[in-house]
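# Examination of the molecular architecture
What follows is each chain in one-letter form.
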Amino acid sequence: MKITKPFYAMAAVAALLITGCGTEESQTASSPTTSAAAPDRASADGKGFYAPINGLQLYYEVHGAGRPLVLLHGGLGTADTTFVALLPELAKTRKVITVDLQAHGHTGDIDRPLRFELMADDISGLITHLGLGKADVLGYSLGGGVALQLAGRHPELVGRQVVISAPFRSDGWTPEGQAGMAALNPDTMLETPIHALYTATAPNPANWSALVTKTRQLLTESYDWTAQVAAIRVPTLLVLAESDVVRPQHAEELGALLGGARIAVAPGTTHYDMMYRADLLLPAITPFLEQATTPK
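Rules behind the numbers
Residues numbered from 1 in each chain as written. Predicted model: local features only at pLDDT ≥ 70, side-chain atom pairs only at ≥ 80, totals over all residues. Heavy atoms only, no water. Core = buried A, V, L, I, M, F, W, Y, C linked by side-chain atoms within 4.5 Å. Buried < 20%, exposed > 50% of the residue type's maximum accessible area, 1.4 Å probe, protein only. Contact = heavy atoms within 4.5 Å. Phe/Tyr/Trp six-rings, centres within 6.5 Å; stacked < 30°, edge-to-face > 60°. Lys NZ or Arg CZ within 6 Å of the ring centre and 35° of its normal. Helix = DSSP H or I, 4+ residues; strand = E, 2+ residues; numbered from the N terminus. Polar contact = N/O pair within 3.5 Å; in protein donor to acceptor, adjacent residues only side chain to side chain. Axes fitted to C-alpha atoms, helices over the stretch in contact; angles between N-to-C directions. Parallel < 35°, antiparallel > 145°, perpendicular 65-115°, else oblique. Left-handed = near helix turned anticlockwise from the far one by under 90°. Nonpolar A, V, L, I, M, F, W, Y, C, P; charged D, E, K, R; others polar. Expected span 1.5 Å × (residues − 1). Salt bridge = Lys/Arg side-chain N within 4 Å of Asp/Glu carboxyl O.

This next bit is on the nonpolar core. In terms of nonpolar packing, the biggest core is built from 58 residues, with Val-70, Leu-72, Val-99, Ile-123, Ile-127 and Val-146 touching the most fellow members. Apart from residues no more than four positions distant in its own chain, Ile-123 is found in contact with Val-70, Leu-72, Val-99, Leu-101, Val-146 and Leu-150. Counting residues in hydrophobic clusters, the runner-up holds 27 residues, among them Leu-71, Phe-83, Leu-90 and Ala-264.

See the structure below:
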């Protein structure tokens, strides 16, 4: 399936609809379950592998060599669509692990809700499963929420983190963003490029309605991660688009809670097109990730 630039813009629109929230019911960190008794099953095209993590067959790919960096994609997309512009450069100097999160892309769904806490535990399980030790993490939109939860629940596994366009509280979204989340409907998104990508990659394309419904249920709940975020001591870079759906004042509050995290703004961009502006993102991201990690 050939993906063109207009697809990425549409995929990024959907990404804002499924970013960064969770409920208190899953706040306690759990010990992820993994199985390393046999080599991970390779994908049919030979590009990636499936790791048995927490009941999922979690799809991942490994690119390059060096210090590990885990990339977490935006909502209703895949690692391929979210990081098409950044991955080639990042993999020149890093061992980059891309992941398709629960119910997204090549990773099938299981009988559990979508929760950022649970997806963070999946990434914790994958880092342990692959023997990465401590990895850097970069998450965009939905993946940014997963990154924040990972740093809060499993800080011993995270070196540095880059959180791109993701709030820590439900009122961090603009009113337009919140309205879009509430309007998520699987039927109205049929015959769109996002749905076409899902049907082309998902192990069970019939699960489309379940994915969108779970997402709407997640995002219509109020959430507030203030206390958890305030305890994070992982070095963090926050990145926003100049015209983002995360309020700038909210990002400043997040930076303060994280102990003075740096905030980078990509000029002339929106939440929807920012991720394929490698010329703007890499000059901020790369130097930050190359720094030695020291405890705060």
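Right, let's talk about the packing of aromatic side chains for a bit. Think of a pair of aromatic rings as described by two things: how far the centres are apart, and how the planes are tilted against each other in angle. As enumerated under the stated definition, the model contains five aromatic pairs in all. Where Tyr-223 meets Trp-225, the ring centres are 5.5 Å apart and the plane angle is 50 degrees; that geometry is what we call tilted. Here the aromatic residues Phe-116, Tyr-223 and Trp-225 are joined through ring pairs into a cluster of three or more. Of note, Arg-41 hangs over the ring of Tyr-50, and the distance from its end group to the ring centre comes to 4.2 Å. Between the NZ or CZ atom of Arg-160 and the centre of the ring of Phe-288, over which it lies, the distance is 4.3 Å.

Our next topic: the side chain of Thr-107. Structurally, Thr-107 is set in the loop between strand 5 (94-100) and helix 4 (116-129). With relative accessibility at 1%, the residue Thr-107 sits in the buried group. A polar contact is formed between the side chain of Thr-107 and the backbone oxygen of Asp-100, at a distance of 2.6 Å.

A word on the packing of helix 4 against helix 5 (residues 142-153). Relative orientation of the contacting elements helix 4 and helix 5 amounts to 70 degrees, with a least axis distance of 8 Å. By the criterion of interaxial angle, the relationship of helix 4 to helix 5 is roughly perpendicular. The interaxial crossing formed by helix 4 with helix 5 has right-handed handedness. Residue-level contacts link Phe-116, Glu-117, Met-119, Ala-120, Asp-121, Ile-123, Ser-124 and Ile-127 of helix 4 to Leu-142, Gly-145, Val-146, Gln-149, Leu-150 and Arg-153 of helix 5. When its residues are assigned to classes, the contact of helix 4 with helix 5 shows eight nonpolar, three polar and three charged.

The next subject is helix 11 (residues 278-290). Here helix 11 spans 17 Å end to end across 13 residues, near enough to the 18 Å set by a 1.5 Å rise per residue. All buried positions along helix 11 are accounted for by Ala-278, Leu-281, Leu-282, Ala-284, Ile-285, Phe-288 and Leu-289.

On the secondary structure map, Pro-267 appears in strand 9 (residues 262-270). Looking at Pro-267, the relative accessible area reads 46%, which means it is partly exposed. In contact with Pro-267, not counting residues within four places along its chain, are Glu-242 and Leu-280.

Right, let's talk about the pattern of salt bridges for a bit. Going through the model one piece at a time under the given rule, you end up with ten salt bridges. Residue Asp-122 pairs with Arg-112 through a salt bridge whose shortest N-O separation is 2.4 Å. Residue Asp-122 is located in helix 4, and its partner Arg-112 is located in the loop between strand 5 and helix 4; the two are separated by ten residues in the primary sequence. On the basis of relative accessibility, which here comes to 2%, the residue Asp-122 falls in the buried class. Judged by relative accessible area, which is 14%, Arg-112 ranks as buried. The partner of Arg-169 in a salt bridge is Asp-171, and the shortest N-O contact between them spans 2.7 Å. Residue class for Asp-171 comes out partly exposed when judged on its relative accessible area of 36%. The structure contains a network of salt bridges with shared partners spanning Arg-67, Arg-94 and Asp-136.

All we've got here are geometric facts, nothing functional implied.
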